[in-house]
Amino acid sequence: MEPDNELIANALNGSLHAWETLVRRYEGRVYNYSLRLTGNRDDALDLMQDVFLGVYRNLSRFRGESQFISWLFRIAHNKAVDLARRRHANPVKGQALPEDPDAWPESQSSGSQWPGSQTSDSGPQELAMAIESNVAIHRLLQALSPEQRLILELKVFQGMTFDEIAMMQEISANTAKTRFYAALKKLRALMEGHHELSPNR
Amino acid sequence: MSCHRTADIVADYFDARLSPPARLAVQQHVSTCTDCRAEVAALAPAHELLLSWQQQPVPEWDRSHGPAAHQPRQPLVRRRPRPTWGHVGRWLPLAASLVLSVAVLTQTRLDVSAQGWQLSFGTSAAERQLQQLDGYLAEQARVQQQENQQMLEAALQQFGDNTADTLVQMADWFEQQRALDIQRMEAGFQQMLDRDYQTVNSVQQLASYVQYQGDLP
Ligand SMILES: [Zn+2]
């Protein structure tokens, strides 16, 4: 397997093959990350495409000092926050749901803060995440702050060490651990408010 | 909760990348500290829920989108007929620094909305962000003015006599400088978009980029 740095160098020299190899190596992570955030296939594809476009544009600035994955997720996080902000400022259908998950309408199981992700005729079956736990995870993550979402993403889903996260976010490893702990506590509290997500229903 | 290590212990406890010796130490602490044991037990369902994510396959998509959307520019001289001396003046890279300076001085704002572009002038609520950007733009303008000066001096030396031929050569040369200039501004703008989304609301640079880009044939 060609190392990332080799693929990056070749991609910068104009090799489309090297670029696509690099993309294929990471697209699964980015797509599932996007899916956790947006809750539907189309928005997740849009976000993923946006992320890789940003990666491509900045590729020459990647110095190889950090892991490629943490560099990539810095871009991904910025794109996600940017998208959420745009959606929030300019809601498509004005269906943005309140932060407080207790206020989530019981009947609306496709609820999210991504108004573009839902139209009046798209039910939960269109979430492209028919799996119950995926929908639940998406909904709970929505209720966290971007910072809390990011720490859980990097730690649990991307499997980075606290030291790697600390380096990427320019914080101490202790701060990273404290954030992780707070995010997990928040998540647990949110689960309490949702009986269907409680482990002992 | 009286144990002061709980945050640390919980984070380590759920850390899949923890080294075996560190894991042993954490387990020892949890087995003797009731605070941490209770907290670990309480948070385990949240961690398990996250781990229950079912990885989804990536649908087919256009992976060459990045390279396709971001082709390097062809040099302008090759793309368009040789310019006449008459409007070379407009293409002077000097114009770029002028646009930048004007944007700094008037605090040009360009807002992008569903209704389209909107240019506005003067200060606004986002002044704090604007000030940051002003610093950046002022520096850019300063550097560019220096470069322009050096370039003009070099040009005057290189094309000492004013025959028609050398004028055309000089026009070409300025064209190339302008193409480089645009590339540089475009790169700067895209980096801002990608890396520094917070300043995108105060896009003076976008404004000047759009104005400058508008001059393109
Ligand atoms: Zn303890």
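Residues numbered from 1 in each chain as written. Chains lettered and ligands numbered in written order. Predicted model: local features only at pLDDT ≥ 70, side-chain atom pairs only at ≥ 80, totals over all residues. Heavy atoms only, no water.

Quick reminder of the rule: UniProt positions are given in the numbering used here, feature names are shortened, and annotations may be inferred rather than shown by experiment.
The name given to chain A in an unreviewed UniProt entry is HTH luxR-type domain-containing protein, with the source organism recorded as marine sediment metagenome. Regarding chain A, the UniProt comment filed under Sequence similarities (unreviewed entry) reads as follows: "Belongs to the sigma-70 factor family. ECF subfamily."

## Describing the overall build of chain A
Our working definition: Strands are runs of DSSP state E lasting at least 2 residues, helices are runs of H or I lasting at least 4, and numbering of each runs from the N terminus. When accessible area is computed with a 1.4 Å probe and restricted to protein chains, residues below 20% of their type maximum are described as buried, those above 50% as exposed, and intermediate ones as partly exposed. Two residues qualify as a contact provided that any one of their heavy atoms is within 4.5 Å of a heavy atom in the partner residue. Note on areas: these come from Shrake-Rupley sampling with a 1.4 Å probe, and a residue is covered only by the protein chains present in the view.
If you tally the helices and strands in chain A, you get 8 helices and 0 strands. What you see in chain A, going N to C, is helices and strands ordered as α-α-α-α-α-α-α-α. For chain A, the proportion of its 201 residues judged to be buried stands at 54%. Pairs at least 24 residues apart make up 57% of the contacts formed inside chain A by residues separated by at least 6 positions. Approximately 9100 Å² of chain A is accessible, and the part contributed by carbon and sulfur atoms is 47%.

## Points about the coordination of the zinc ion
Rule in force here: Note that water is not among the atoms considered, so a metal site may appear incomplete; the donors listed are N, O and S atoms within 2.8 Å of the metal, with 3.2 Å applied to Na, K and Ca. Just to be clear on the cut-offs, tetrahedral is four donors with all angles between 85 and 135 degrees, square planar is four donors and octahedral six with opposite donors over 155 degrees apart and all others between 65 and 115, and anything else goes down as irregular.
Every protein donor of the zinc ion is accounted for by Cys3 of chain B (SG), His29 of chain B (NE2), Cys33 of chain B (SG) and Cys36 of chain B (SG), and the metal-donor separations fall at 2.1 to 2.4 Å. Considering all 4 donor atoms around the zinc ion, angles at the metal cover 103 to 112° and the coordination shape is tetrahedral.

## Describing the side chain of serine 133 of chain A
Selection criterion: Think of a polar contact as two N or O atoms within 3.5 Å of one another; within protein, one of them needs to be a possible hydrogen donor and the other a possible acceptor, and neighboring residues in sequence only count if both atoms come from side chains.
With respect to the element layout, serine 133 of chain A can be found in helix H5 (residues 132–142). A residue is classified by how much of its surface remains accessible, and serine 133 of chain A, at 17% relative accessible area, is buried. At 3.2 Å, the side chain of serine 133 of chain A forms a polar contact with the backbone oxygen of serine 52 of chain B. If we ignore the near neighbours within four places in the chain, the residues touching serine 133 of chain A are Ser52 and Gln54 of chain B.

## Some points on the nonpolar core
All names here are of chain A. For clarity, the threshold we go by: Among buried residues, the Ala, Val, Leu, Ile, Met, Phe, Trp, Tyr and Cys ones that are joined through side-chain atoms within 4.5 Å form a nonpolar core.
Phe68 and Leu152 are the most contacted members of the largest nonpolar core, which totals 73 residues. For this core, the leading source of residues is helix H2 (residues 16–38), giving 10 residues. If we skip the residues at most four places from it in the chain, phenylalanine 68 touches Asp4, Ile8, Leu22, Tyr26, Val55, Leu59 and Phe62.

## As for the confidence of the model for chain A
Parts of the prediction with low pLDDT should not have their coordinates interpreted in detail. Just so we agree on the cut-off: As a per-residue measure, pLDDT tells how confident the predictor is, with possible values from 0 to 100.
Taken as a whole, chain A shows an average pLDDT of 81; of its residues, 76% reach a score of 70 or greater. Across residues 92–127 of chain A, confidence stays below pLDDT 50; counting only partners more than four residues off in sequence or on other chains, it has 63 contacts.

## Let's talk about unusual backbone geometry
Excluding glycine, most residues fall at negative phi; most peptide bonds, likewise, are trans. For glutamate 170 of chain A, which is not glycine, the phi torsion reads 55° and is therefore positive. Relative to the helices and strands, glutamate 170 of chain A resides in the loop between helix H7 (162–169) and helix H8 (173–192).

## Remarks on the packing of aromatic side chains
Operational definition: Each Phe, Tyr or Trp ring, with Trp reduced to its six-membered ring, pairs with another whose centre is within 6.5 Å; inter-plane angles below 30 degrees give stacked pairs, above 60 give edge-to-face pairs, and intermediate values give tilted ones. In our convention, an over-ring charge means Lys NZ or Arg CZ found within 6 Å of a ring centre and within 35 degrees of that ring's normal.
Taken as a whole, this structure holds 10 aromatic pairs over all chains when the rule is applied. Both rings, one in tryptophan 19 of chain A and one in phenylalanine 52 of chain A, keep their centres 6.4 Å apart while their planes meet at 85°; by these two values the pair is edge-to-face. Highlighted residues: tryptophan 19 of chain A in helix H2 and phenylalanine 52 of chain A in helix H3 (residues 41–58), separated in sequence by 33 residues. For phenylalanine 52 of chain A, a relative accessible area of 4% gives the class buried. Judged by centre distance (5.1 Å) and plane angle (50°), the ring pair of phenylalanine 62 of chain A and tryptophan 71 of chain A falls under tilted. Through a chain of ring-to-ring contacts, three or more aromatic side chains come together here, namely Trp19, Phe52 and Tyr56 of chain A together with Trp61 of chain B. A cation over a ring is seen here: arginine 36 of chain A above phenylalanine 157 of chain A, with NZ or CZ 3.7 Å from the ring centre.

## What to know about the interface of chain A and chain B
The accessible area lost on association of the parts is a frequent measure of interface size. Cut-off, in case you're wondering: Accessible surface is computed with a 1.4 Å probe, and the buried area is the amount of it that two parts give up when combined, taken over both parts together. Here, a salt bridge means any side-chain nitrogen of Lys or Arg that lies within 4 Å of a carboxyl oxygen of Asp or Glu.
Each partner contributes residues to the interface: chain A has 56 residues there, and chain B has 42 residues. With both sides pooled, the region where chain A packs onto chain B buries about 4700 Å², and carbon together with sulfur makes up 63% of that total. Counting across the chain A and chain B interface gives 6 salt bridges. Of the charged contacts in the structure, one is a salt bridge between lysine 177 of chain A and aspartate 8 of chain B, with a shortest N-O distance of 3.1 Å. Taken together, the connections running from chain A to chain B amount to 14 residue pairs in polar contact (both at pLDDT 80 or more).

## Focus on the confidence of the model for chain B
Residues and elements named next belong to chain B. When pLDDT is averaged across chain B, the result is 70; 43% of the residues are at 70 or more. The lowest-confidence element of chain B is helix H5 (residues 76–79), averaging 40 in pLDDT; the highest-confidence one is helix H1 (residues 6–13), averaging 98. Scored below 50 in pLDDT, residues 72–83 makes 25 contacts in the model with residues more than four places away or belonging to other chains. Confidence drops under a pLDDT of 50 for residues 197–202, and excluding neighbours within four residues, the segment shows 19 contacts in the predicted structure.

## Re the packing of helix H6 (residues 146–157) of chain A against H8 of chain A
Residue and element names in this part refer to chain A. So the rule is basically this: Helix axes are fitted to C-alpha atoms over the stretch in contact, other axes to C-alpha atoms as well, and angles between N-to-C directions run from 0 to 180 degrees. An angle below 35 degrees is treated as roughly parallel, one above 145 as roughly antiparallel, one from 65 to 115 as roughly perpendicular, and anything else as oblique. Under the convention adopted here, Pro, Cys and the residues Ala, Val, Leu, Ile, Met, Phe, Trp and Tyr are nonpolar, Asp, Glu, Lys and Arg are charged, and Gly plus all remaining residues are polar.
At a minimum axis separation of 9 Å, H6 and H8 run at an interaxial angle of 105°. By the angle between their directions, the pair H6 and H8 is classed as roughly perpendicular. Contacts between H6 and H8 involve Glu147, Gln148, Ile151, Leu152, Lys155 and Val156 on the former and, on the latter, Ala176, Arg179, Phe180, Ala182, Ala183, Leu184, Lys186 and Leu187. Among the residues forming the contact of H6 with H8, the class breakdown is 9 nonpolar, 1 polar and 4 charged.

## Description of helix H2 (residues 20–32) of chain B
Residue and element names in this part refer to chain B. Let me state the cut-off plainly: A helix is expected to span 1.5 Å multiplied by its residue count minus one. Throughout, the arc means that of the directions going from the helix axis to the C-beta atoms.
Between its terminal C-alpha atoms H2 stretches 19 Å, which fits the 18 Å expected from 13 residues at 1.5 Å a residue. Looking only at H2, the buried set comprises Val26, His29 and Val30. One face of H2 carries all of its buried residues, which in axial projection span an arc of 100°. The exposed set on the far side of H2, more than 90 degrees from its buried face, consists of Pro20, Pro21, Leu24, Gln28 and Thr32. Buried residues along H2 sit against H1 and helix H3 (34–51).

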